[in-house]
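Read off the chains here:
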Amino acid sequence: MGTQPSQKQCSMERAMELLKAWHESDKPFFTKKDLQDISNQLTGRYSTRRKSDSKRLVSVKGLSGSRSTTIQERKLRYSCYEQLVSAVESRRIELAEAFFPLQIEHFMLARTSDAKQPTSPDSPTMMITHRSAVQHSITITIRNRIEEITNKKIQCYAQDPCYTAVDTWALAQHGCKVLEDPQALLEIDDDCVLFSCCPDLLLKEITVDFARPAMLIWDRVVPGKILGRHNPNIDRVRNMIENEYDCYEFWGIYGAGRGPFMANLVVYVRR
């Protein structure tokens, strides 16, 4: 089961000190080894036939120990240093949770009974569908172009918790394999092209901890303290971009507005 700091052992001030010390040491908050372990556990749980109400324990490693949690529907939650500190200060989490950048949450995605699509009565469905189509088209086009240039077969992966069976089938027709969280993150390495638009997880920090991809296509990283809610430009991200990558405009139409996404996408090429 491992050990973890308890509220009796650790005050708020001590928790903040420990988090700051870990952050300033440049130690990674996420490692491929730990994420691979989570992936192996989750894959084992869901490949085994069990009753839906049976307990499934998954062990999660933190910064100073480990903990086990019972899961029903899997959803991973990733938290960076700034988010952990903010959560501790506002008392949104227990002190023991402050040392777990990666946690498993109980999650159930509501879907309509007929179309098997995620329900979203208040969202502009057509706009979201259009943006999604453009994103996937760009991904497949980039893959095809790299194959033409290198004369090599390039594997293409996609990850989104909202993918349906139809989405998975459609992408497979174009040679794009859908992976579950966190399997797609484990494919990040120095040779990949990483394309991401408005993710709801800490993709930038995870990327910094895992590798230096050959090319990054994501929203612009600008100087200053821009936290964001899901994928903040933390100092480690800014340092990586400023010191190791060159930036290129993606659409060339920034003077007239954003590209066809709700993000200021640019291309970063490793020097």
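Residues numbered from 1 in each chain as written. Predicted model: local features only at pLDDT ≥ 70, side-chain atom pairs only at ≥ 80, totals over all residues. Heavy atoms only, no water.

Chemist: Residue-level account of the sheet that holds strand E7 (residues 193–195), with values.
Modeler: Strands pair in a sheet through their backbones, by hydrogen bonds, and they do so in one of two ways: parallel or antiparallel. Spatially, E7-E8-E10-E9 is the arrangement adopted by the four strands of the open sheet, whose pairing is mixed. Across the chains shown, the open sheet's two edge strands, defined by having one partner strand only, are E7 and strand E9 (245–249). The sheet shows a mean angle of 25° between the axes of neighbouring strands, direction not considered. Of the strand pairs in this sheet, E7 and strand E8 (residues 215–219) are connected by three bridges, and their pairing is parallel. Across the sheet, the residue bridging to Val193 is Met215, located in E8. (Pairing = 2+ DSSP bridges. Helix = DSSP H or I, 4+ residues; strand = E, 2+ residues; numbered from the N terminus. Axes fitted to C-alpha atoms, helices over the stretch in contact; angles between N-to-C directions.)

Chemist: With reference to specific residues and values, describe the pairing of strand E10 (residues 265–270).
Modeler: Judged from the five bridges that link them, E8 and E10 form a sheet pairing that is antiparallel. Across the sheet, Trp218 pairs through a bridge with Val266, a residue of E10. The pairing of E9 with E10 spans five bridges and is classified as antiparallel. When the bridges of E10 are listed, Tyr248 appears paired with Val267.

Chemist: Before we move on, could you go through the nonpolar core and cite the residues and values that matter?
Modeler: One finds Tyr78, Leu185 and Ile241 to be the most contacted residues of the largest nonpolar core, which totals 48 residues. For this core, the leading source of residues is helix H3 (residues 81–89), giving five residues. Apart from residues lying up to four places away in sequence, Leu185 is in contact with Lys32, Leu35, Tyr78, Gln159, Leu201, Leu203, Ile206 and Phe210. Grouped together as the second largest cluster of nonpolar side chains are six residues, Val134, Ile138, Ile217 and Val267 included. (Core = buried A, V, L, I, M, F, W, Y, C linked by side-chain atoms within 4.5 Å. Buried < 20%, exposed > 50% of the residue type's maximum accessible area, 1.4 Å probe, protein only. Contact = heavy atoms within 4.5 Å.)

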